[in-house]
Amino acid sequence: MTARENDRLQDLASRVRTPDVVDAMGRMHRHRCHINDLVSPTPGRVLLGPAVTISFLPACDEALPLEQFSFTRLFHDAIGQGAQGRVLVLAGNGPTDASLGGGTKLSLVAVHGLAGVLADGRLRDFVDIATYDFAAYCLGETSKWGGDVVTPFEANRPVVVSGVTVRPGDYVFADASGAAVIPAAQVLSVFEEANRVAQDEAAFVESLRRENPSD
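The text that follows walks through the structure, step by step, so that each part is easy to find. All chains use their own residue numbering, which begins from 1 and follows the written sequence. Selection of residues for local features in this predicted model requires a pLDDT of at least 70, selection of side-chain atom pairs for listing and counting requires 80 or more, and totals for whole chains, interfaces and linings are taken over all residues. Based on all heavy atoms of the structure, the side-chain values leave hydrogens and waters out of the count.

### A few points about the overall build of the chain
- Check the secondary structure of the chain and you find six helices and 10 strands.
- Relative to its length of 215 residues, the chain is compact, with a C-alpha radius of gyration of 18 Å against a globular reference of 17 Å.
- For the chain, the spread of C-alpha atoms along the principal axes amounts to about 75 × 40 × 35 Å.
- In this scheme, a residue with accessible area under 20% of its type's maximum is buried, one over 50% is exposed, and one in between is partly exposed, where area comes from a 1.4 Å probe on protein chains only. Considering the chain as a whole, with its 215 residues, one finds that 46% of them fall into the buried category.
- For the chain, contacts bridging at least 24 residues in sequence account for 74% of all contacts bridging at least 6. Numbered from the N terminus, helices here are DSSP runs of H or I no shorter than four residues, and strands are runs of E no shorter than two. Each radius of gyration reported is based on C-alpha atoms, and the globular scaling rule is 2.2 Å times the count of residues to the power 0.38. Only heavy atoms matter for contacts: two residues are in contact if any of them lie within 4.5 Å across the pair.

Below, the structure written as structure tokens:
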């Protein structure tokens, strides 16, 4: 995406909410794109950017030794083609109550300039994450370390997050309403349609306000 196209995308994204994007996707695609029931340590922040992914598997010291399958190594594998403005998608592949990261591990996201994190598990240390300059959305907070439950397994492969396929490079958009995943090739056209959705709904609400209840 060129700098001009990115500026256009950022402008369009500033005018819409996740439901607008989901409606726009529904007009252009048939597949599921929406992710619900997310929480955030920074719910006022909007998350937008192309995905890089880390997939987890149930922990097994024999098959997945921690010295080889570490979060730090998989993170650097994920951002090998670039980090700035990306969204780190963490796919737990099962245990939705396990921690997929916390304040220490996710400091890497801040240091490398990613836009933020989307996780289909829990995150630790909301207070610490809120101090970082990125947006984070997940299924909840936990106080328990998750390394005895799940282990990071591979990076930058297609993953499934809450029933939605996320391919590396797909765009992730999230706010307090939820999240949507948009194919990279259509991201500008989807957000242009989302803006039309938002404008149409605003015009409809305004027309209702102008109605005379006695008519």
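Once you've had a look at it, read on.
### Examining the pattern of salt bridges
- Throughout this description, the term salt bridge denotes a Lys or Arg side-chain nitrogen within 4 Å of a carboxyl oxygen of Asp or Glu. Applying the stated rule across the entire model yields eight salt bridges.
- Among the ionic pairs, K144 bridges to D148, the shortest N-O distance being 2.9 Å.

### Considerations on helix α6 (residues 187–210)
- Each helix should span, by expectation, one fewer than its residue count multiplied by 1.5 Å. Helix length check: α6 (24 residues) gives 35 Å between terminal C-alpha atoms against 34 Å at 1.5 Å per residue, within 8%.
- Every buried residue belonging to α6 is among V187, L188, V190, F191, E193, A194, N195, V197 and A198, and all of these are buried.
- Along its buried surface, α6 packs onto α1 (3–13), α2 (18–28), β2 (47–58), β9 (171–175) and β10 (178–182).

### A look at the packing of α2 against α6
- Closest axis-to-axis distance for the α2/α6 pair is 8 Å, and the angle between their directions is 115 degrees. Between α2 and α6 the crossing geometry is right-handed. Here D20, V21, D23, A24, M25, R27 and M28 of α2 lie close against α6, whose contacting residues are S189, V190, F191, E193, A194, V197, A198 and E201. Simply put, an axis is a line fit to the C-alpha atoms, just over the touching stretch for a helix, and the angle between two N-to-C directions goes from 0 to 180 degrees. Each crossing gets its handedness from the near helix: less than a right angle anticlockwise from the far helix is left-handed, clockwise is right-handed.

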